[in-house]
Amino acid sequence: MSAATTTASGTRPAQPAEGRMAGRAFAFWLTDYRRVWRGTIISGFLSPLFFLVAMGFGLGALVDDGVAGGVRGLDYVQFIAPGILAAQAMQTAVGESTFPVMGAVKWHRLYDAMLATPLGIADIVLGHVAFVAMRITITSVAFAVVAVALGAIGSWWVLLAVPAAVLTGLAFTTPVFAFSVSQDNDGGFNVLFRFIVMPMFLFSGTFFPVEQLPVALELVAWATPLWHGVELCRGLVTETATLAGSLGHAGYLTLWVAGGLWLAFAGFRKRLVT
Amino acid sequence: MSAVSALARALPIPAGAGMARTLVERNARAFRHGWVTLVSGFFEPVLYLFSLGVGLGALIGDIDAGDGRMIDYAAFVAPAMMAAAAMNGAVFDSTFNLFFKLKYARLYDSVLATPLGPRDVAVGEITWALLRGLLYSTAFLAVAAAAGVVGSWWALLALPAASLIGLAFAAVGMTVTTYMRSWQDFDYVQLALLPMFLFSATFYPLSTYDESIRWVVQITPLYHGVATIRDLMLGDVGWGILGHVLYLTVMGLVGLVLAARRIERLLLR
Amino acid sequence: MISAHQLTKRFGDFTAVDAIDVEVRRGEAFGFLGPNGAGKSSTMRMIGCVSPPSGGALRILGMDPATDGPAIRGRLGVVPQRDSLDEELTVRENILVYGRYFGMPRRVVNEKADELLEFAQLTERANSVVEPLSGGMKRRLTIARSLVNDPELLLLDEPTTGLDPQARHVLWDRLFRLKRSGVTLVLTTHYMDEAEQLCDRLVVMDGGRIVAEGSPRELIALHSTREVLELRFPADDHAPYAAKLTDLAQRVEVLPDRLLLYTEDGDATAAAVHDRGLAPLSVLARRSTLEDVFLHLTGRTLVD
C-alpha cells in the first residue's frame, strides 16, 4: 500500500513508447515456457529426428539403390536433412502461432491482461513473435547439431542455415498470427493444418525435388514460403548456393514476415481494441 | 456394431444399457456441424500416398515386395498409408477428442445421468471412431485403386482389416486417455505414434533393418496392421495373416475391457 | 420416492456424507440446505445413481441403485450444479439427443422438444448453438433437457447459483409449475430464500450430517425467534456491544459487521437499545429466516 502511495506522488516510472516494451511481453512468455518446455522437446526435436532417421537412412537406402541413385548426386539423407530443418521450422512456427494465440485471446485472455498495463498492441505482437522465434531457434539448433553428428549435414555453412530456418519459420509465424487472432474457434486450424501445412510439408521440395511434380503444381510450390526456405537451407549446407539465389529466397521470405506482421498488427488491433 | 456390443456384453466389463448407438447418433449430429474436419481427415493419407508414390517413387523405382517379386514403390507404400491412417484416426478420436469430452465438455456427466452406463460410453465412442475410420478407408481404397496400386480383389478385405486396426488402437487409446491430466500429456501419445508410423515397415521393407533389430519392429501393433493390409492389397495372402489378425484382436479386446473399467472409475465415483 | 438409511459416502479418509436418514414423499418439494462442502452434491450424486454409496441403504422409486441403475435413471431428471450442455449441438438438438439417450423414439422426442422449448422460453433460440446463450437461458435449457423423459423425480443441484435475481425468479416460476403438475422435486441450495420459496420440507446439512429437519416454518419456529434485530455499530469489533445487550434478547449473535438480536418483537427491542443510550449506525428489524436457523445450529453463516 505504502509503495503505491509513494509512486502516486510522482516517482512512478516513466513508460517508453508503444513498441519499445515488447521485451516485457517476451519475458511473460518465457516464464510460461519454463513450466512446459519438457513436452515441447518431443514435438520440436524428436519428431524431426525420427523423420531424419526413418526417411534419410531407412528410405534413403532404397533411394540410393534406386533408379536415379540418390538425388542430384547427393545421398538421400544429405538431400533431406536441410529440407527437414526448414520444414520443422515451419511446423514449430505454425504450432506456436495457432492455439497459443487463440488461447491468449479467448481462453486465458492474456492479451487483454497485457493491454491493461502500459503495453500496446505492437509490444504484445512483437513480444510474442520474439518468443516464437526463440522456440524455432532452439529446435533448429538442436536438430542441426544432431544432423551434423549423424553425418547428414557436413558443412560449416550450417551456421547460416540455422538463421535461414528461423527466417523460414517467421515467414509462417506472422501471417498465422494474423489468421489465428481472426478466428472464433479452432475449426479453422484444422483447415490450416490439413490443407495448407501438410501439403506444403509433403510437396515443397522437402522429400523430393519439385521438378518431379506436374508443371502446374511446380508453379504452386515455387510460390510457397516453405520451398524458398528449403532451397535456401539446402543450398547452404550442400554448398551449392549462389549469392543471388540465396538473397532472392531470403528476400521472398522477408516479404512474408513483413506482410504478415502488418496483417497481425491490424488483426490484433481489430480484435482487442474496439 | 451390434457385434461389438454383444461382444462387450459377454465380457467382464461394467454395466451399460445396450444403448451405445444413441451416443453414435449424438456424435454424427455433432459432426454435421464440423464437416470440414470430416473431409480433411481423408486428405492426409491421400497426400502422403501421392507425395511418396509419385515423388519418391520416381527416385526409387521398383522394390522387392519381400518375396522377390518386384513392385512399384507406390503399391508398396499405399497399404501402409491406409493402415497408418486407420491408426491415426482411431487414436485421435480416442485420445484428443475423448479428453476434450471428458474434461472440458463434460459430456459424459450428462450422458451417465440417463440410462446409459460406462460400457455404453466406451462402446459408443469406439463404434463411432470405427465408423469414421471405415469411411476414410473406403475412400482411400477407391483412390488407391484408381491410381492403379491395388493388385487384388483381396483388397476388399483390407476394409475390415483397417477397422480392426482402428478398434485395437481406439480401445488402447481410450484407456490411456483416462490417465491423462493435461494437454501436455498428448506429447507422449505423439512420442509413441510417430516412431511407429515411421519405423513399422511402413516406408521401406522390414529387410532394410539389420536382423538383430527386426524383432523390435515386429512387436509393434502397427507393423501387424501394415503387414495385414499389405498382404491383402498385394493379393499375397497366406496363413501368416491370421497371426497379425490375432495380435490386433487381442489388443482390441483387452483395451476395450480396460477402457470401460477406467471410465467407470473416473466418472462413477 | 427416496428412502435413505444411514447413507454414507467416503472418498478415501474423507467422509462427505455421514450416515444420513432421508425420506422423500411423492409430489413434495424436498430440499437439502447447507453451505458449500456440506455433502449435498455427494448425496445428490448417490440419488442420481452415478455414485455408489459407501455404506447404508438407499432405495429410489422402490429400486436399488446398485442393481437397477439404468431403470432408475430412466425415470429421473437430473439438473447438475454445473450446466453440462452439449456445446457441439444446437439448443434443440440438445433436447433431441438427450431424449434418445432415454431410448425414446425420434418422433416422440421431436414433439417433446417443441413443448420443452416453449416451457423454457427458448423457442426462438431453438437452432442457435449453445455457447452464446446467457447463464439463465443455459440453466433453463438444462432443466428443459432434464424433463425430456417426463421424470417422476427431478433432482436439481444448486438450480439458481450464479444467476441474476431476475433469472432466478423466472426459474422459480418454472419449478413451481412443475411441482403443481405433480413432479417430485429434490433440490440442494445454499440460498435460504430459495429453500423458503420452493421447499415443502427440508433438511439442514453441515459437515456431512443432517442437523435439522422439517418445513421451513417449523424449523424457524423451533430453532429461532419470531423476529431478528440487526444492529451495526461504528466499530471494528461488535463483541463489546453484545455484552451490553445480552439481557435484551433471547440470544445474541456477533457477526464481523453486525449484531443479531433474536427476539419476539424487533421494534420493542430496538427501543430498549436506544433507552440504554446506544446509537447504532443502522437498525433493521426483520422476520427470522432459515439463515438464522442455520446460524443457530452451526454457529456459521450459509454464504461466506
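Before reading further, recall that the structure is shown in the block above.
Residues numbered from 1 in each chain as written. Chains lettered and ligands numbered in written order. Predicted model: local features only at pLDDT ≥ 70, side-chain atom pairs only at ≥ 80, totals over all residues. Heavy atoms only, no water.

**Here we look at the sheet that holds strand β13 (residues 282–287) of chain C**
All names here are of chain C.
Alright, step 1. Strand order in this open sheet of 4 strands is β11-β12-β10-β13, and the pairing throughout is antiparallel. At either margin of the open sheet sits one strand with a lone partner, and together these are β11 (251–254) and β13. The average angle at which neighbouring strand axes cross in this sheet is 20°, direction not considered.
Alright, step 2. As paired elements, strand β10 (residues 227–232) and strand β12 (residues 259–263) share 5 bridges and run antiparallel to each other. Each bridged residue has a counterpart across the sheet, and for Leu 229 the counterpart in β12 is Leu 261.
Alright, step 3. The sheet contacts of helix α10 (residues 266–275) involve β10, β12 and β13, and relative to β10 the element is tilted by about 35°. (Pairing = 2+ DSSP bridges. Helix = DSSP H or I, 4+ residues; strand = E, 2+ residues; numbered from the N terminus. Axes fitted to C-alpha atoms, helices over the stretch in contact; angles between N-to-C directions. Contact = heavy atoms within 4.5 Å.)

**Notes on the pattern of salt bridges**
Alright, step 1. Applying the stated rule across the entire model yields 40 salt bridges over all chains.
Alright, step 2. Here A:Glu211 ties to A:Arg72 by a salt bridge, and the two come within 3.7 Å at their closest N and O atoms. A residue pair is termed long-range when its members are at least 10 positions apart, and A:Glu211 in the loop between α8 (187–203) and α9 (215–223) and A:Arg72 in the loop between α2 (22–64) and α3 (76–97) qualify at 139 residues.
Alright, step 3. A:Arg72 sits in the partly exposed class, given a relative accessible area of 45%.
Alright, step 4. One salt bridge connects C:Arg226 with C:Glu227, and the closest N-O pair in it is separated by 3.9 Å.
Alright, step 5. Three or more residues are tied together by salt bridges with common partners; here these are C:Glu230, C:Arg232, C:Asp257, C:Arg258, C:Arg286 and C:Asp292. (Salt bridge = Lys/Arg side-chain N within 4 Å of Asp/Glu carboxyl O. Buried < 20%, exposed > 50% of the residue type's maximum accessible area, 1.4 Å probe, protein only.)

**Focus: the interface of chain C and chain B**
Alright, step 1. Each side of the interface is counted separately: chain C has 27 residues, and chain B has 25 residues.
Alright, step 2. When the two sides are added together, the surface that chain C and chain B hide from each other amounts to roughly 2300 Å², 54% of it contributed by carbon and sulfur.
Alright, step 3. Sorting the residues of chain C by area buried against chain B places C:Arg73, C:Glu88 and C:Tyr101 first, and these three jointly supply 29% of that buried surface.
Alright, step 4. One can count 5 salt bridges joining chain C with chain B.
Alright, step 5. The interface formed by chain C and chain B includes 11 residue pairs in polar contact (both at pLDDT 80 or more).
Alright, step 6. Those elements giving two or more residues to the side of chain C that touches chain B turn out to be β1 (2–11), α2 (65–73) and α3 (91–101) of chain C.
Alright, step 7. The biggest single contributor to the side of chain C that touches chain B is α3(C), with 6 residues.
Alright, step 8. Broken down by class, the residue content of the side of chain C that touches chain B amounts to 12 nonpolar, 5 polar and 10 charged. (Buried area = accessible area lost by both parts, 1.4 Å probe. Polar contact = N/O pair within 3.5 Å; in protein donor to acceptor, adjacent residues only side chain to side chain. Nonpolar A, V, L, I, M, F, W, Y, C, P; charged D, E, K, R; others polar.)

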